[in-house]
Amino acid sequence: MLCLTMVPLASMAQQGLKDALGKHFLIGAAINQWQSDGQVPEADALTDRHFNCAVAENCMKPESLAPAEGIFDFRVADKFVGYCEQHQLKVIGHCLVWHSQAPDWWFTNGYAASPASKEVLKARLINHIKTVVGHYKGRVHGWDVVNEAIEDDGSFRRSPYYNLLGEEFIEIAFRTAHEADPDAELYYNDYSMAGEKKREAVCQLVRNLKAKGLRIDGVGMQSHNGLDYPNLAEYEKSIDAFAACGVKVMITELDINVLPNPQGFGGADIAQNFELQQKYNPYVDGLPAAKEKEIEQRWMDLFSIYYKHRHQISRINLWGVSDGGSWLNGWPIKGRTNYPLLFDRQYKAKPVVQKIINLFSR
């Protein structure tokens, strides 16, 4: 009897995240250039065992793909897509339209100081999406078409896109992306999605796009979480609300910031930048046992929600593969030591990974 009960437990211990969670939804991570260039074999082994999809951390953003007007540089992004195909990972393109990490010339009249006209920006937007999505037609599973277009108060972000084109820029983006690759899934992606006003605004955006006959397949809930935020009850409400709009729900940039935050910090706006102080970087030499326990409980609280809503969720993507490569070591304060992911700096799974696998294997 003892041997019989131990067999499934031993088998479970050999599973990766994709074996247990992959029965319900895609599970992956954001991959950086060093990994997709083949420089991190430890990360490759981790990826092969645990993930079945991947997002490009930076190399598919307009800043990287379009260094000058009329010039596209696909070299790094091509390596990323090839890496995904080699490692049997579904490719998620991130991202086509974002007010941040756009090239210097994007919103200006050439390299002059004067702003681009409405007509010029519209033409650039269409050309960029047609070119990029067309270049990867049939190779990218889905695209983050528009990223972070709504403020936390539910209003549209007054980005250069909005200032020149109004809400129409979102319609243009989704229409053009679908025309360039009719088989690719199309998503809207944003942070602070547990907020009631943002939740309502995103639902209205989805309904408006659908009412105009435009394709939108999913909503990405960037989940740059902390130990005490977001409110998990509101987080669950957002999963239900987006699913009720008739789209897939995705947890798109999952991590947990375990460090104390400076006053005034909030959301995931990359423009935030604070001075390094010791009080904001307390775990340089490792985490105390009590803090590790607290973090593990937070991971389990989140994945218990994902398990409960597994029929509504289509993908979970960690924002990074291991602690050492996480953007949270450098944002919103440069030079910190953070522990925000499921795999440590040696690319080893933390104990909570097996607990997550057990949860989804029951």
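Structure shown above.
Read on for an overview of the structure.

Rules and cut-offs
- Starting afresh in each chain, residues are numbered from 1 along the sequence in its written order.
- Reporting in this predicted model follows two pLDDT cut-offs: at least 70 for local features of residues, and 80 or more for side-chain atom pairs to be given and counted; totals over whole chains, interfaces and linings ignore these cut-offs and use all residues.
- Side-chain metrics rest on all non-hydrogen atoms present in the structure, leaving aside hydrogens and water.
- The criterion for an aromatic pair is that two Phe, Tyr or Trp rings (for Trp, the six-membered ring) have centres within 6.5 Å, with stacked assigned to planes under 30 degrees apart, edge-to-face to planes over 60 apart and tilted to the rest.
- Secondary structure elements follow DSSP: runs of H or I of four or more residues count as helices, runs of E of two or more count as strands, with numbering from the N terminus.
- Buried residues are those whose accessible area, probed at 1.4 Å on protein chains only, stays under 20% of the maximum for their type, while exposed residues exceed 50% and partly exposed ones sit between those limits.
- Placement of a charge over a ring requires the Lys NZ or Arg CZ to be within 6 Å of the ring centre, with the centre-to-atom vector within 35 degrees of the ring normal.
- Pairing between two strands is assigned when DSSP locates at least 2 bridges connecting them.
- The term nonpolar core refers to a set of buried residues drawn from Ala, Val, Leu, Ile, Met, Phe, Trp, Tyr and Cys, joined through side-chain atoms within 4.5 Å.
- By definition, residues are in contact when any of their heavy atoms lie within 4.5 Å.
- The arc under discussion is defined with respect to the helix axis, by the directions toward the C-beta atoms.
- The salt bridge definition used is simple: a Lys or Arg side-chain nitrogen within 4 Å of an Asp or Glu carboxyl oxygen.
- Cysteine sulfur pairs qualify as disulfides if the two atoms are within 2.5 Å.
- Counted as a polar contact is a pair of N or O atoms within 3.5 Å, where, for protein atoms, one must be capable of donating a hydrogen and the other of accepting one, and residues adjacent in sequence contribute only when both atoms are in side chains.

### Some words on the packing of aromatic side chains
At step 1: By the definition in use, this model includes 13 aromatic pairs.
At step 2: Ring geometry for Phe74 and Tyr136: centres 5.8 Å apart, planes at 85°, overall edge-to-face. Of this pair, Phe74 sits in the loop between helix H5 (62-65) and helix H6 (75-86) while Tyr136 sits in the loop between helix H7 (118-135) and strand E4 (142-147), and the two are 62 residues apart along the sequence. Neither residue differs from the other here; Phe74 and Tyr136 are each classed as buried.
At step 3: For the pair Phe107 and Tyr161, a centre-to-centre distance of 5.0 Å together with 85° between the ring planes defines the contact as edge-to-face. In this pair, Phe107 is assigned in the loop between strand E3 (90-98) and H7 and Tyr161 in helix H8 (residues 160-165), connecting sequence segments 54 residues apart.
At step 4: Judged by relative accessible area, which is 15%, Phe107 ranks as buried.
At step 5: Through a chain of ring-to-ring contacts, three or more aromatic side chains come together here, namely Tyr235, Trp299, Phe303 and Tyr306.
At step 6: We note Arg345 situated over the ring of Tyr339; from NZ or CZ to the ring centre the distance is 5.1 Å.

### Observations regarding the pairing of strand E9 (residues 313-318)
At step 1: With six of six residues buried, E9 lies mostly within the body of the structure.
At step 2: Examined bridge by bridge, strand E8 (residues 248-257) and E9 share four bridges and lie parallel to one another. Bridge pairing in E9 links Leu254 to Leu318.

### Re the nonpolar core
At step 1: One finds Trp143, Phe303 and Tyr306 to be the most contacted residues of the largest nonpolar core, which totals 106 residues.
At step 2: Residue contributions to this core peak at eight residues, all from helix H12 (residues 289-308).
At step 3: Once you skip the residues sitting within four places of it in the chain, Phe303 turns out to touch Leu21, Leu254, Ile316, Leu342, Ile356, Leu359 and Phe360.
At step 4: Residues Ala30, Val55, Tyr191 and Leu328 belong to the second largest nonpolar core, which totals 12 residues.

### Here we look at the pairing of E4
At step 1: With six of its six residues buried, E4 lies for the most part within the structure.
At step 2: Pairing between E3 and E4: five bridges, direction parallel. Residue Ile92 lies in a different strand from E4, and its bridge partner there is Gly142.

### Comments concerning helix H13 (residues 351-360)
At step 1: Regarding H13, the residues found buried are Val352, Val353, Ile356, Ile357, Leu359 and Phe360. Seen along its axis, H13 keeps its buried residues to an arc of 160°; they face one direction.

### Observations concerning the pattern of salt bridges
At step 1: Scanning the entire structure with this criterion turns up 17 salt bridges.
At step 2: Notably, a salt bridge pairs Lys122 with Glu168, separated by 3.5 Å at the nearest N-O pair. Highlighted residues: Lys122 in helix H7 and Glu168 in helix H9 (residues 168-180), separated in sequence by 46 residues.
At step 3: For Lys291, the salt bridge identified is with Glu294, shortest N-O distance 3.0 Å. Highlighted residues: Lys291 and Glu294, both in helix H12, separated by three residues, approximately one helical turn.
At step 4: Linked by salt bridges that have partners in common, Asp152, Asp190 and Lys198 make up one network.

### Focus on the state of the cysteines
At step 1: Enumeration over the complete set of coordinates arrives at zero disulfides.
At step 2: Cys203 provides the cysteine sulfur closest to Cys245, a residue in no disulfide bond, and the two sulfurs are 3.4 Å apart.

### Considerations on the side chain of Thr176
At step 1: Structurally, Thr176 can be placed in helix H9.
At step 2: Given the relative accessible area of 5%, Thr176 is considered buried.
At step 3: Polar contacts involving the side chain of Thr176 include one to the main-chain carbonyl oxygen of Ile172, which spans 2.7 Å.

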